[in-house]
Amino acid sequence: EPEVTQTPSHQVTQMGQEVILRCVPISNHLYFYWYRQILGQKVEFLVSFYNNEISEKSEIFDDQFSVERPDGSNFTLKIRSTKLEDSAMYFCASSMTSGVSSYNEQFFGPGTRLTVL
Amino acid sequence: SQQGEEDPQALSIQEGENATMNCSYKTSINNLQWYRQNSGRGLVHLILIRSNEREKHSGRLRVTLDTSKKSSSLLITASRAADTASYFCATDEIRNAGNMLTFGGGTRLMVKP
């Protein structure tokens, strides 16, 4: 069964360093997302991406964050200068359609645990 | 309560019993989705129910949606120890341009063998 994959599973970095989290969405999906979950807290939306553009972003997704689909399969999240509070589990998700069609099942990857020291 | 709030926050039952988790939300939605998360792991999609649907089944799962009360319930019948996990509801609000899901805080379910 097709699934979303993410690499790495764990990433440890020093504060101020840049990190790139990678995702391979399900191959026939058109909509891509990043969410994060700080330990013990709710899953929070970061950004959605469709047709090579950001569709929506949350307040969390500030200028330190960027997303890119560098080729036909990968979808990346870059954090330019990491802060301690960026430590979280980052989930990539993808869906075939948009919510307007009401079939917007979003399938999540296993996550990347980011630890900022 | 906040969008997509589940109750109870924690539920402990014996294997074979049914588990019911509830979710309340505030705004108009396109759909509501339920996910399972084992400790420290990824989110597994369980079921999506559209705003014009009232009930949906998938195996031992039964989801209901009451848009007039802005609430949903997830019933797991004949629970197993392997069902031990956190369960989240997530709403796709009509106002959204980018299909963001808003998650609740989850219900931690423990099924004792």
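Residues numbered from 1 in each chain as written. Chains lettered and ligands numbered in written order. Predicted model: local features only at pLDDT ≥ 70, side-chain atom pairs only at ≥ 80, totals over all residues. Heavy atoms only, no water.

Thoughts on the overall build of chain B
Selection criterion: Helical segments are the DSSP runs of H or I of at least four residues, strand segments are the runs of E of at least two, and each set is numbered from the N terminus. Only C-alpha atoms enter the radius of gyration, while the globule expectation follows 2.2 Å times N to the 0.38, with N the number of residues. Per-residue accessibility takes into account occlusion by the displayed protein chains alone, with areas from the Shrake-Rupley method and a 1.4 Å probe.
In terms of helices and strands, chain B carries zero helices and 11 strands. For 113 residues, the compact-globule estimate of 2.2 N^0.38 gives 13 Å, and the C-alpha radius of gyration of chain B, at 13 Å, lies within 12% of that figure. Across its three principal directions, the C-alpha atoms of chain B cover 45 × 30 × 25 Å. Looking at chain B as shown, the accessible area adds up to about 5,100 Å², and 46% of this sits on carbon and sulfur atoms.

Re the packing of aromatic side chains
Rules: Two rings belonging to Phe, Tyr or Trp (six-membered ring only in the last case) form a pair when the distance between their centres is within 6.5 Å. Interplanar angles under 30 degrees mark stacking, angles over 60 mark edge-to-face geometry, and anything in between is tilted. Only protein chains enter the accessibility calculation, which uses a 1.4 Å probe. A residue is then buried if its area is under 20% of the maximum for its type, exposed if over 50%, and partly exposed in between.
Per the stated rule, a full pass over the model turns up 14 aromatic pairs over all chains. Taking 5.9 Å as the distance between ring centres and 90° as the angle between the ring planes, the aromatic pair formed by A:Phe108 and B:Phe103 counts as edge-to-face. Of this pair, A:Phe108 sits in strand 10 (residues 107-108) while B:Phe103 sits in strand 10 (residues 101-103), each in a different chain. Grouping residues by exposure puts A:Phe108 and B:Phe103 together as buried. The interplanar angle of 45° and the centroid separation of 5.5 Å between the aromatic rings of B:Tyr35 and B:Phe103 together place this pair among those described as tilted.

Section: the side chain of A:Gln106
How we decide: Contacts are assigned to residue pairs that have any heavy atoms within 4.5 Å of one another.
As for its position among the elements, A:Gln106 is in the loop between strand 9 (88-95) and strand 10. The contact partners of A:Gln106, leaving out residues within four places of it in the chain, are A:Tyr33, A:Tyr35, A:Ala93, A:Ser94, A:Ser95, B:Gln33, B:Tyr35, B:His45, B:Asn99 and B:Leu101.

What to know about the interface of chain B and chain A
For clarity, the threshold we go by: Buried area is understood as the total, over both parts, of accessible area removed when two parts are fitted together, assessed with a 1.4 Å probe. For this analysis, a salt bridge means a side-chain nitrogen from Lys or Arg found within 4 Å of a carboxyl oxygen belonging to Asp or Glu.
Taken together, the contact between chain B and chain A spans 27 residues of the former and 25 residues of the latter. Interface of chain B and chain A: buried area, both sides summed, is about 2,000 Å²; carbon and sulfur atoms make up 51% of it. On the chain B side of the interface with chain A, the three residues burying the most area are B:Leu43, B:Asn99 and B:Phe103, jointly 26% of the side's total. Scanning the region where chain B abuts chain A turns up zero salt bridges.

Considering the environment of B:Ser68
Residue and element names in this part refer to chain B. Quick note on the threshold: In protein, a polar contact requires one atom able to donate a hydrogen and another able to accept it; more generally it is a pair of N or O atoms within 3.5 Å, and residues adjacent in sequence count only if both atoms are side-chain atoms.
Residue placement: Ser68 occurs in the loop between strand 7 (61-66) and strand 8 (71-76). Residue class for Ser68 comes out exposed when judged on its relative accessible area of 65%. Note: C-alpha distance between Ser68 and Ser28 (40 residues apart in sequence) is 9.8 Å. A polar side-chain atom of Ser68 sits 2.5 Å from a polar atom in the side chain of Asp66.

Section: the sheet that holds strand 3 (residues 19-24) of chain B
Strand pairs in the sheet, formed through backbone hydrogen bonds, run parallel or antiparallel to each other. All names here are of chain B. As a reminder, the rule being used: Two strands form a pair only when DSSP identifies at least two bridges running between them. To obtain an axis, a line is fitted to C-alpha atoms, over the contacting stretch when the element is a helix, and the angle between two such axes runs from 0 to 180 degrees between their N-to-C directions.
Sheet architecture is open: five strands sit in the order 1-3-8-7-6, paired in antiparallel fashion. Each of the sheet's edge strands pairs with one partner strand only, and the pair in question is strand 1 (5-7) and strand 6 (55-58). When strand polarity is set aside, the average angle formed by the axes of neighbouring strands in this sheet is 20°. Sheet analysis places strand 6 next to strand 7, joined by four bridges and oriented antiparallel. If you follow His57 over to strand 7, its bridge partner there is Arg62.

Considering the pairing of strand 8 of chain B
Residues and elements named next belong to chain B. With five of its six residues buried, strand 8 lies for the most part within the structure. Where strand 3 meets strand 8, six bridges bridge the pair, whose relative direction is antiparallel. The residue of strand 8 that forms the bridge with Met21 is Leu74. The pairing of strand 7 with strand 8 spans six bridges and is antiparallel. From the neighbouring strand, Asp66 faces strand 8, where its bridge partner is Ser71. What sits between the antiparallel neighbours strand 7 and strand 8 is a turn of four residues, in which Lys70 has the positive phi angle 50°.

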